[in-house]
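Structural features, examined
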Amino acid sequence: MSPLVEGFGALLDPTVALCIAGGALLGMLVGAFPGVTATMAVALASGFTLALDPIPGLAVLLTIYVSANFGDRIPAILINTPGTPASIATTFDGYAMAKQGKAGLAMTASAFASAWGTLVGIVLLMVAAIPLSQLALRFGPAEMFALVVFGLTMMIGVSGGRIVKGLMAGVLGLLLGAIGRDPITGAARFTFGVPELSEGIPFIAAIIGLFGIAEVLDQILTHRASAVKPITQFGRWFPTRGDWRRMLRPLAVGSGVGGVVGIVPATGGDIAGILGWDQARRVSKRPEEFGSGSLEGITAADTSSNATLGGSVTTTLALGIPGDSVMAVMIGSMVVWGIQPGPSLFAEQPALVYSIAGIMLVATVLTLGISLLRMRGVAKLLELPPHFLWAVILVFCMVGTYAVGNNVFDVVVMLVFGLVGLFLRRFGVPAGPVVLGLLLGELAEGNLRRALEIGGVGNIISSPIAMTILAVSLLALVVPPVRAGLKRRRASRATASVGEGR
């Protein structure tokens with residue numbers, strides 16, 4: 001039986017269908033509540049899905065991942081607040097359309113654009129994952145070490161201009177990842193006499209704390225009653241023939257931008273959405289409408305941000321490096337299920353990539369249907385007081401963490417990391433590099449030590465692939481601050497010249 005037939009055939013199990021349906025509903029709800037990110041939802045769901053078989057468990061997590069990127073457009077359009085970071089660019093034109101009485105059209109166009117972008121990403125996954133993994137199979141310890149460093153630095157390099165804080169977060173993650181057993185000798189280290197730490201910090205508990213507990217605590221401390229009321233005048237829902245013609249070009253532009261951005265490790269839908277919106281404005285015949293209620297703008301932004309999903313999964317499965325923070329969380333669940341993302345995955349479980357693509361395909365079609373049929377009902381959720389949601393999330397965080405290993409110690413770790421995550425947020429330190437450091441630290445250390453044992457530092461220096469990847473990693477750290485410095489210098493010169501002219 002071919003891997004394609006076997007992979008898609010695994011989805012005929014009724015349990016998988018139920019998991020996809022449940023994940024779609026949960027993801028839509030998650031996206032509709034501002035501040036409740038897909039990363040947080042997947043982290044929380046991970047604690048409950050580990051009791052399932054791998055395919056049903058992946059069906060829940062992947063469907064949440066897909067459907068949250070539909071539901072998050074609702075608050076972006078109706079109250080000008082992104083449901084998740086991926087819908088930031090949706091607010092540029094979505095809210096303006098809603099104020100013009102076109103909220104229904106904006107949400108429908110967003111749903112179709114999101115579906116198209118996701119489908120483009122799935123095609124990319126099916127086409128590019130296996131060739132990329134075959135290339136990576138040629139990598140030795142030196143190349144794998146460089147690849148892991150690349151993944152770490154990319155996450156740090158896109159930390160919103162906070163390079164130093166991103167580096168601090170990455171180092172913290174690497175230090176936490178050193179707790180447990182030595183990857184070469186197996187000896188326990190940095191456990192401080194706590195036997196539960198001999199296997200390392202419980203990853204699921206840590207990410208639920210960093211993304212779940214920290215988010216709730218932060219919202220509780222910073223919550224202010226909003227004077228913004230959701231727009232209730234939806235107008236017409238479906239695009240006309242002329243609207244469809246105007247959407248074609250931004251669909252194409254967004255697909256290209258999102259597909260390329262999604263392949264780059266650690267970038268996500270927020271970056272892709274902004275880039276896609278900007279590129280569509282540059283090629284549009286009506287660029288002046290962008291930012292003031294452009295149908296082309298919302299189409300390009302949502303197509304681009306959703307097209308990154310397939311690329312993110314491709315990078316994760318083929319290279320073992322998380323494509324974004326959601327996939328970093330999902331790798332933890334995969335490892336528990338005995339699935340080790342990376343080049344060898346396609347040799348050992350070739351049908352799995354097609355099962356994952358099939359899950360995302362079904363999830364996209366199902367979520368599109370829900371979006372078109374029940375959008376008005378989901379929009380009413382924006383009127384729900386947030387403190388009800390906080391209580392539910394806290395309970396599920398604790399129950400889900402305990403369910404992973406039936407261990408109170410995991411719950412304690414979750415609460416500690418919740419406080420750590422809150423501290424990081426208070427000081428503007430991104431949590432993503434901490435997760436990557438915790439996840440990839442052992443892999444980086446193990447490959448570095450093997451490379452040094454084989455041929456010393458020369459083993460790394462003599463590898464063109466390793467040195468190229470390390471050079472790109474260095475550029476990812478150096479270029480953003482240099483570019484920001486040059487921009488500030490040009491701005492100060494422009495200000496000074498204006499002052500002299502007066």
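Attention now goes to the overall build of the protein chain. Scanning the protein chain from terminus to terminus reveals 21 helices and 2 strands. Taking all 502 residues of the protein chain together, 55% fall into the buried category. Within the protein chain, counting contacts between residues at least 6 apart in sequence, those at least 24 apart form 81% of the total. Summed over its atoms, the accessible surface of the protein chain is roughly 21,500 Å², and 67% of this surface lies on carbon and sulfur atoms.

This part is about the pattern of salt bridges. For the structure shown, the criterion picks out 7 salt bridges. The partner of R426 in a salt bridge is D218, with the nearest N and O atoms 2.4 Å apart. Taken together, the positions of R426 in helix α18 (residues 408-426) and D218 in helix α10 (residues 203-222) put the pair 208 residues apart, joining distant regions of the chain. What makes D218 buried here is its relative accessible area of 13%. Three or more residues are tied together by salt bridges with common partners; here these are R189, E445 and R449.

Our next topic: the packing of helix α3 (residues 38-49) against helix α4 (residues 54-71). In the contact formed by α3 and α4, the axes pass within 10 Å of each other and the chain directions differ by 165°. It follows that α3 is roughly antiparallel to α4 by the angle criterion. In the crossing of α3 with α4, the sense of the turn from one axis to the other is right-handed. Contacts from A38, A41, V42, A45, S46 and T49 of α3 reach α4 at G57, V60, L61, I64 and A68.

This part is about unusual backbone geometry. A positive phi is found at F190, a non-glycine position, where the angle reads about 55°. Among the secondary structure elements, F190 is positioned in the loop between β2 (188-189) and α10.

What follows covers a nonpolar patch on the surface. A contiguous nonpolar patch, built from F48, V392, V395, F396 and V399 and spanning about 410 Å² of accessible area, is present on the exposed surface. Broken down by element, the residue count for the nonpolar patch peaks at 4 residues, all from helix α17 (residues 386-405). Among the secondary structure elements, V399 is positioned in helix α17.

A few words now on helix α7 (residues 103-136). When the terminal C-alpha atoms of α7 are compared, their 46 Å separation across 34 residues agrees well with the 50 Å that a helix rising 1.5 Å per residue should span. At A128, α7 is bent by approximately 40°, the largest bend along its length, and proline P131 sits one to four residues beyond.

In a regular helix each residue adds 1.5 Å, so 24 residues correspond to 34 Å; helix α19 (residues 432-455) covers 33 Å between its end C-alpha atoms and thus fits that length. Considering bend angle alone, the principal kink of α19 is centred on L440 and spans about 50°. Of the residues flanking the end of α19, it is G456, one or two places downstream, whose phi is positive at about 70°.

What follows covers the nonpolar core. In terms of nonpolar packing, the biggest core is built from 106 residues, with L58, L125, I201, L317, M330 and I356 touching the most fellow members. Those residues in contact with L58 that sit more than four places away from it in its chain are T63, M330, M334, W337, I339, L352, I356 and I359. Among the nonpolar cores identified, the runner-up in size contains 15 residues, and I74, A109, L295 and I298 belong to it.

It is at 6 Å that the axes of helix α11 (residues 241-263) and helix α13 (residues 295-319) come closest, and there the two elements cross at 30°. Between α11 and α13, the angle is such that the two are roughly parallel. Where α11 crosses over α13, the handedness of that crossing is right-handed.

What follows is about the confidence of the model for the protein chain. Summarising the model, the protein chain shows a mean pLDDT of 79, and 86% of its residues fall at 70 or more. For the protein chain, α17 is the element with the lowest average pLDDT, namely 73, and α4 is the one with the highest, namely 88.

Attention now moves to the side chain of N69. Its location among the elements puts N69 in helix α4. Here Y65 takes part through its backbone oxygen, which lies 2.7 Å from a polar atom of the side chain of N69. In this structure, N69 is in contact with A86, S114, N306 and L309, ignoring residues within four places of it in sequence.

The next thing to look at is the packing of aromatic side chains. Summed over all chains, the structure comprises 4 aromatic pairs. Judged by centre distance (5.7 Å) and plane angle (65°), the rings of W277 and F290 are edge-to-face. Taken together, the residues W277 in helix α12 (residues 269-283) and F290 in the loop between α12 and α13 connect sequence positions 13 residues apart. Take F290: its relative accessible area is 8%, and that puts it in the buried class. Seen in terms of ring centroids, F423 and F427 are 4.7 Å apart; in terms of plane orientation they differ by 45°. Their pairing is tilted. A network of ring pairs unites the aromatic residues F92, W277 and F290 as a single cluster.

The rules behind each value
- Residues numbered from 1 in each chain as written.
- Predicted model: local features only at pLDDT ≥ 70, side-chain atom pairs only at ≥ 80, totals over all residues.
- Heavy atoms only, no water.
- Helix = DSSP H or I, 4+ residues; strand = E, 2+ residues; numbered from the N terminus.
- Buried < 20%, exposed > 50% of the residue type's maximum accessible area, 1.4 Å probe, protein only.
- Contact = heavy atoms within 4.5 Å.
- Areas by Shrake-Rupley, 256 points an atom, 1.4 Å probe, with all protein chains shown as cover.
- Salt bridge = Lys/Arg side-chain N within 4 Å of Asp/Glu carboxyl O.
- Axes fitted to C-alpha atoms, helices over the stretch in contact; angles between N-to-C directions.
- Parallel < 35°, antiparallel > 145°, perpendicular 65-115°, else oblique.
- Left-handed = near helix turned anticlockwise from the far one by under 90°.
- Patch = residues over 30% accessible without salt bridge, like charges linked within 9 Å, V, L, I, M, F, W, Y side chains within 5 Å.
- Expected span 1.5 Å × (residues − 1).
- Bend = angle between axes of the 7 residues up to and from the residue.
- Core = buried A, V, L, I, M, F, W, Y, C linked by side-chain atoms within 4.5 Å.
- pLDDT = per-residue confidence, 0-100.
- Polar contact = N/O pair within 3.5 Å; in protein donor to acceptor, adjacent residues only side chain to side chain.
- Phe/Tyr/Trp six-rings, centres within 6.5 Å; stacked < 30°, edge-to-face > 60°.

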